[in-house]
Every structure is written in structure tokens, then in C-alpha cells.
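Read off the chains here:
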Amino acid sequence: MTEFVHLHNHTDYSLLDGAMKIGDMVAKAKSFGMKSIAITDHGNMFGALNFYEKCRENDIKPIVGCEFYMAEDSRKIKTGTEFGNKYYHLILLAKDNTGYRNLMKLNSTAYIDGYYYKPRIDFEVLEQYHEGLVCSSACIAGVVPKLIINGKLDEAASMAMRFNDIFGKGNYFLELQDHGIPEEKISNQGLLEISKRTGIPVIATNDIHYLNREHSTAQELLICIGTQKTINSPGRLTFYNDQFYMKSPDEMAALFPYAPEAISNTKLIEEMCNLEIEFPGPRFPIFEIPAEFPTQGDYLRQDKGTG
Ligand SMILES: [Zn+2]
Ligand SMILES: [Zn+2]
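Since we're looking at a predicted model, the values are computed, not measured. (Residues numbered from 1 in each chain as written. Chains lettered and ligands numbered in written order. Predicted model: local features only at pLDDT ≥ 70, side-chain atom pairs only at ≥ 80, totals over all residues. Heavy atoms only, no water.)

Chemist: Please provide a residue-by-residue account of the coordination of the zinc ion (ligand 1), values included.
Modeler: The coordination sphere of the zinc ion (ligand 1) contains the protein donors Glu-67 (OE), His-89 (ND1) and Cys-139 (SG), at a distance range of 2.1 to 2.2 Å. The sequence motif formed by the donor residues of the zinc ion (ligand 1) is E-x21-H-x49-C. The metal-metal distance between the zinc ion (ligand 1) and the zinc ion (ligand 2) is 3.4 Å, with Glu-67 coordinating both. Remark: Cys-139 occurs in the loop between strand E5 (133-136) and helix H5 (143-149) and His-89 occurs in strand E3 (residues 88-94); sequence separation between them is 50 residues. Each member of the pair His-89 and Cys-139 is classed as buried. (Donors = N, O, S within 2.8 Å, 3.2 Å for Na, K, Ca; no water. Helix = DSSP H or I, 4+ residues; strand = E, 2+ residues; numbered from the N terminus. Buried < 20%, exposed > 50% of the residue type's maximum accessible area, 1.4 Å probe, protein only.)

Chemist: Can you lay out the coordination of the zinc ion (ligand 2) for me, pointing to particular residues and giving the numbers?
Modeler: Taken together, the protein donors to the zinc ion (ligand 2) comprise His-8 (NE2), His-10 (NE2), Glu-67 (OE) and Asp-207 (OD), at separations of 2.1 to 2.3 Å. Angles of 79 to 167 degrees at the metal separate the four donor atoms of the zinc ion (ligand 2), which places the site in the irregular class. Sequence spacing of the donors to the zinc ion (ligand 2): H-x1-H-x56-E-x139-D. Overall, Glu-67 belongs to the buried group, its relative accessible area being 0%. (Tetrahedral: all angles 85-135°; square planar, octahedral: opposite > 155°, others 65-115°.)

Chemist: An account of the side chain of Asn-164 is requested, with residue identities and associated values reported.
Modeler: Within the secondary structure layout, Asn-164 lies in helix H6 (residues 153-167). Not counting chain neighbours up to four residues away, the residues in contact with Asn-164 comprise Lys-169, Gly-170, Tyr-172 and Ile-200. (Contact = heavy atoms within 4.5 Å.)

Chemist: I'd like a description of the nonpolar core, backed by residues and values.
Modeler: With 64 residues, the main nonpolar core has Leu-92, Leu-126, Val-144 and Phe-163 as its most contacted residues. In terms of residues, this core owes the most to one element, H6, which gives seven residues. With sequence-adjacent residues up to four places away left out, Phe-163 is seen in contact with Met-70, Leu-90, Phe-123, Leu-126, Cys-135, Val-143, Val-144 and Tyr-172. Grouped together as the second largest cluster of nonpolar side chains are 12 residues, Ile-91, Leu-93, Phe-173 and Ile-269 included. (Core = buried A, V, L, I, M, F, W, Y, C linked by side-chain atoms within 4.5 Å.)

Don't take any of this as a statement about function, it's just geometry.
Put into C-alpha cells, the structure is as follows:
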């Protein structure tokens, strides 16, 4: 049986861009015999705690992450870029508590001073908050795949090395995806070439936006609501086909017969990510109690009405 972990997953917390409920996602991963699953919602971590608890209840290791939007230059520059992109995509996953805290810092920064159509980060904040994180090049909307698709392989390779240097060797991955989109073929070839040149490892993901194949229509309707279009609007934003569902490990392996390491490397990331979120519970102020009062309650009752 193929060993594989899904590391790029959008739940319904990817607001109006994900039709998969967290509980259903965890249950399906479990039914495939997966020992872990990731959450990488778009531009937020609103579902992280719900996801963490659902995973723990089901004896599945939670890999908390986020698909960030990233400005090409500074997050503070709020105009389009060379290719008319307002932002690129980037996947970050927490290895531990430091990584989890850095994900939160990055998210806050993105909303507070990087917001332009979407909450955006940039290289400056990645350099500041990179510790404890695994990074991956994301879908064809990622900056490295975009450069490859635009015929700039050398630039793509140096961009990949820039990420690799920030996150440290072994913490940055080139992400292969194949939903049948023609650009993905070009991107995958380029990513494999860069991997060969630089030694940066590849992983395979499916950009999951809904649980089962038959849910693709529901996803289309969500996108219409999110972009204020109807299903009949010409030129509306649409998913290419019905391939953005949670595939079995064997289905995933069948998509990448030419790169089996992309499948097995997902298990590497699974081993690297061991986040334990502390739930301290309610925190009450501590009062110093004079020695003559045995308990806080006694002190409170005595004090009542005297102040
Ligand atoms: Zn993406
Ligand atoms: Zn995605």
C-alpha cells in the first residue's frame, strides 16, 4: 500500500473557496489509513484549533499550516507586479510550537500591514519568522511555478534557493501538482529540473478544495458567491475540472509514476511536524492571601462589603 500524506488542504475555513468540512476531512484521511493530515487554508488559520482537536479525537497527527498570499516585493507596496499578480501563493507548515507561533505572527502581519485584495506576507517577514516552519512552493499560483511557466527557469531556480536559504536545508520543498491543467505539466518539469540542479526535494500534493469528486459543483457555486458571479457568467473564475478532491494514496501515486520520491517525501514532512498546542484553560489573577485565611474563598467572604 502506498504511504502518502495530504499536505495541501482547503477546508470551509478557506472562506468561499473550500467546501470541505474539517470533521469529514479527518474521517476520510483516517479511512485511507493515513496517520496524519494537514490544514492549509487560504490566508487564515481560523480553523486551526477546531482541526487540531478533531485530529486528536481521531488519533490522527495534526499538521497545522496555511497557504499564504505573498507579495512579490514588499507587502507594503500595494500595486500589481510584472505579470499583473497582486500576490503569489506559498505553503507553510508548523513543525512545532515555535513554528505555530510564527504562523500566527505571519498571519497577523499579513492582515495588519500587508492587506491588498488579500492578506499578504513578504520576504522581509519570512526572514524574521521562519523558525520552526516547513515551506513548500505551492500550486501554479506560487512564485516559483509562475516563473517556470513564464519561461524563466534560471530565475525560478534562484528564487527556490532564496526560500531554501531562509528556511534551511531540508525545510523547503518543490511541490508537484497534477489536476490535469496544462500549465502544471510545464511547472512539474521545471520543478524536477530545479530539484536535480539544487538538491531541493520534491513533494506531491493535491490542491484539495472538497472531499469527494461529486462535490465539485458545490465548489463552483461557492466560487461564484465569493466572486459575485452566477454560474452562467461568461469568463468567471472557475476550477478547471473535478480533480480537486481528496484522492487515495494509490490515486496520488498513479499521478506521479515518474517521481515516486514526491510521494514518499510527504512522509518525511509528517515525521518533521510534531506540534503540541497547549491549552492552558481559563487564567484567573492570583491574589496573595494573608496567612490567617485558609482558602481564597474565606478571604473573599471576609472582604465582602468592607471595601
Ligand atoms: Zn494555491
Ligand atoms: Zn491551495
